[in-house]
Amino acid sequence: MTADIDSLERPSASPTFITISPGRRVKDLVARILVTGAFLLALVPLLWLLWTVVKRGFPAITSAAWWTHSLQGVLPEQFAGGVYHALYGTIVQALIAAVLAVPLGIMVAIHLVEYGLGRLARVTTFLVDVLSGVPSIVAALFVFSVWISTLGFQQSALAVSLALVLLMLPVVIRNTEEMLRLVPDELREASYALGVPKWKTIVRIVLPTALSGIISGVLLALARVMGETAPVLVLVGYSRSINFDVFQGNMASLPLLIYSELTNPLPAGQQRIWGAALTLIIVIGVVYVLAAVVNRFLARKRS
Amino acid sequence: MDSPSGHSNDPVPAAERGRGGVGLVDEPAPNPDDQGKNTARRRSARRRGDVVFARLSAAAGLTLVVAIGLIGLFLLIKAIPSLAADHANFFTSTQFDTNDPKNLRFGIRDLLVVTVLSSAFALLLAVPVAIGIAIYLTRYAPRRLSRLFGGLIDLLAAVPSIVFGLWGILVLAPAITPVAVWLNRYLGWFPLFATGNVSLTGGGTIFTAGVVLAVMILPIITAVTREVYRQTPVAHIEAAQALGATQWEVVRMTVLPFGRSGTVAAAMLGLGRALGETVAVLIILRSSAKPSHFSLFDGGYTFASKIASAAAEFSAALPTGAYIAAGFVLFVLTFLVNAVARAIANRGVAR
């Protein structure tokens, strides 16, 4: 007993600040260097890739005809023509996909968040997870086997859009779901307390509150599908000239143009490849910036 | 009265109805005589609106369910006749010859080997880096810059896969070929680095494809692990700090154990992406006449790139079915990997 009391007299931890032992300090330093290095390492391919694309693609996209002409009648070795036919295809195919996928995706998300308790909601949640893991080539094969091989339609830009719908849906649903869940329940309850029916509450209160997030999510989904190459390889033929008709005929898109020019080893072909790659990155970049602007602008207006 | 049934089933007592409903402000005050009637009508209309809207949203969900069910079903329907007409063993044959519809000989053995090898190699490269980045972003990076730095990594996910493919074969491959040659020369006794079935020059090997795939799946793995690490309970971290832990010890004792299941789930998600990646691999890998023998310096096709490479010739039903069969296997493979990822993630949440 006395011994215990004696021990209480002494300070339990004598020096308040012990310097960390060299071993631990070295380990800490090594870890710091490693994780910082990992981050820097990841920047290498990003900057390398962007630099390459900008450097090699810049001469092409600054040429006079790039944004206003197609490749109709342009010989493989000729430095001429442009990508406006492919630009049209990329944008239109993605927009049609968005027109189909966005209403459906938002309705599914509403079902999951506002009504979803039953078995259907559980199955849907599971399948959205499945769909988000479906490789784009499998989505393309599916549209091929239903739309072209079973229903007998021709290859067309519309078929591509259908495959893109499958790829957009999980992104739109997941994002909308998340945004709807962020809407505080107090808003819903206040609306119910005023006697507003549930559907009107959703349409007039919940959706507008979540709108900026939903729109920017849609734009990000759009950006994602614009660069998809697998569906266009399987579902539509390449065309060197413009085709405005999405229901029939071949239609170019930027990824398809890159893929078909890959077989052209001449300098002109190389220039077109990198030019188209840079154009694609610019288009996607514009959509990204738009998403950020929408997010900031609408979010500020709301608060 | 639009629907008499709606009226008779009205559970709201008449007294309450008489209060003039819940009068939305912009509506004119109803005539006291038909006030009750009006409100009832409005209420039944309101209920109809609710029913319609609920049905609509359920229908959207159902559409999705049916669509995904059809994916599996249709791929199977289109694949079965070709599988029946297959003259080679579907699982063990290294051939993929669909030129003669009367004598289809196709098997997925090589596709499977190349797909799994390239994806596994990519995962091996990407996961440690992704964990490092996630730790850096959550624990080391200056707080103000953390979001910006995270955005930079996410930017990698915005680059289209065909651009990755271009860069991979035209820029990266020549740069890393010396590494491949060195590995092959000095570690060639190890099966993974043995001389493969394509030439090393030009770099159209699984090695190059794996490096590019690693870059491509890095952002998704980083994003998921980052989110998990960020949720480490502050109490855990502060407890470790109170015990005098260094920054690294905090990470090792709190963040990593807390995020273990999340990290594994993220890796599986990345694996799912890598398995299904199409165009980048198609551009990079060089085709080879000889079967693969588990070397990183082999060429060949993955499931996805094989299908994409033959897409232009999808006309006759039977040969197309062979590719659809391959697509179905890929579908099942990615489904399984994603299911495992989800199961691990959910178990982590439950714990």
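Structure first, text after, so check above.
Residues numbered from 1 in each chain as written. Chains lettered and ligands numbered in written order. Predicted model: local features only at pLDDT ≥ 70, side-chain atom pairs only at ≥ 80, totals over all residues. Heavy atoms only, no water.

Novice: Just give me the short version of the packing of aromatic side chains, but keep the residues and values in it.
Specialist: Per the counting criterion, the structure on display carries 21 aromatic pairs over all chains. One aromatic cluster in this structure is built from Phe144 of chain A together with Phe90, Phe91, Phe96, Phe106, Phe314 and Tyr323 of chain B. Above the plane of the ring of tyrosine 115 of chain A lies lysine 198 of chain A, whose end atom (NZ or CZ) is 4.5 Å from the centre. (Phe/Tyr/Trp six-rings, centres within 6.5 Å; stacked < 30°, edge-to-face > 60°. Lys NZ or Arg CZ within 6 Å of the ring centre and 35° of its normal.)

Novice: A description of a nonpolar patch on the surface should follow, citing residues and the corresponding values.
Specialist: Together, Leu62, Val66, Leu70, Leu73 and Ile77 of chain B give the surface a local cluster of nonpolar side chains, amounting to about 410 Å² of exposed area. Among the structural elements, isoleucine 77 of chain B can be located in helix α3 (residues 35-84). (Patch = residues over 30% accessible without salt bridge, like charges linked within 9 Å, V, L, I, M, F, W, Y side chains within 5 Å. Areas by Shrake-Rupley, 256 points an atom, 1.4 Å probe, with all protein chains shown as cover. Salt bridge = Lys/Arg side-chain N within 4 Å of Asp/Glu carboxyl O. Helix = DSSP H or I, 4+ residues; strand = E, 2+ residues; numbered from the N terminus.)

Novice: So what about the environment of glutamine 270 of chain A? Which residues, and what values?
Specialist: By secondary structure assignment, the location of glutamine 270 of chain A is in helix α11 (residues 267-302). Distance in space between the C-alpha atoms of glutamine 270 of chain A and glutamate 77 of chain A is 9.9 Å, their sequence separation being 193 residues. Ignoring any residue separated from it by four or fewer positions in sequence, one finds glutamine 270 of chain A in contact with Asn264 and Pro265 of chain A together with Leu170 of chain B. (Contact = heavy atoms within 4.5 Å.)

Novice: Describe the pattern of salt bridges, naming the residues involved and giving the relevant values.
Specialist: For the structure shown, the criterion picks out 12 salt bridges over all chains. A salt bridge links aspartate 129 of chain A to arginine 342 of chain B; the nearest nitrogen and oxygen atoms lie 3.8 Å apart. One end of the pair, aspartate 129 of chain A, is in helix α4 (residues 119-133); the other, arginine 342 of chain B, is in helix α13 (residues 317-350), on a second chain. Given a relative accessible area of 17%, arginine 342 of chain B falls into the buried group. Ionic pairing is found between aspartate 110 of chain B and arginine 109 of chain B, a salt bridge with its closest N-O pair at 2.9 Å. Take aspartate 110 of chain B: its relative accessible area is 14%, and that puts it in the buried class. Assessed through its relative accessible area of 22%, arginine 109 of chain B is described here as partly exposed. (Buried < 20%, exposed > 50% of the residue type's maximum accessible area, 1.4 Å probe, protein only.)

Novice: Explain helix α9 (residues 247-258) of chain B to me, using residue names and the numbers behind them.
Specialist: Between its terminal C-alpha atoms α9 of chain B stretches 16 Å, which fits the 16 Å expected from 12 residues at 1.5 Å a residue. Where α9 of chain B is buried, its residues touch α2 (22-61) of chain A together with α4 (109-140), α7 (206-230) and α8 (234-242) of chain B. (Expected span 1.5 Å × (residues − 1).)

Novice: Describe the interface of chain B and chain A, listing the residues and the values that go with them.
Specialist: Taken together, the 76 residues of chain B in the interface contact 77 residues of chain A. A buried area of about 6,700 Å², summed over both sides, lies between chain B and chain A, and 80% of it is on carbon and sulfur atoms. Of all residues in chain B, the largest losses of buried area upon contact with chain A belong to Phe53, Leu64 and Trp167 of chain B, amounting jointly to 10% of the total for that side. The interface formed by chain B and chain A includes eight residue pairs in polar contact (both at pLDDT 80 or more). The element that contributes the greatest number of residues to the side of chain B that touches chain A is α3 of chain B, accounting for 21 residues. Here the residues of the side of chain B that touches chain A sort into 56 nonpolar, 15 polar and five charged. (Buried area = accessible area lost by both parts, 1.4 Å probe. Polar contact = N/O pair within 3.5 Å; in protein donor to acceptor, adjacent residues only side chain to side chain. Nonpolar A, V, L, I, M, F, W, Y, C, P; charged D, E, K, R; others polar.)

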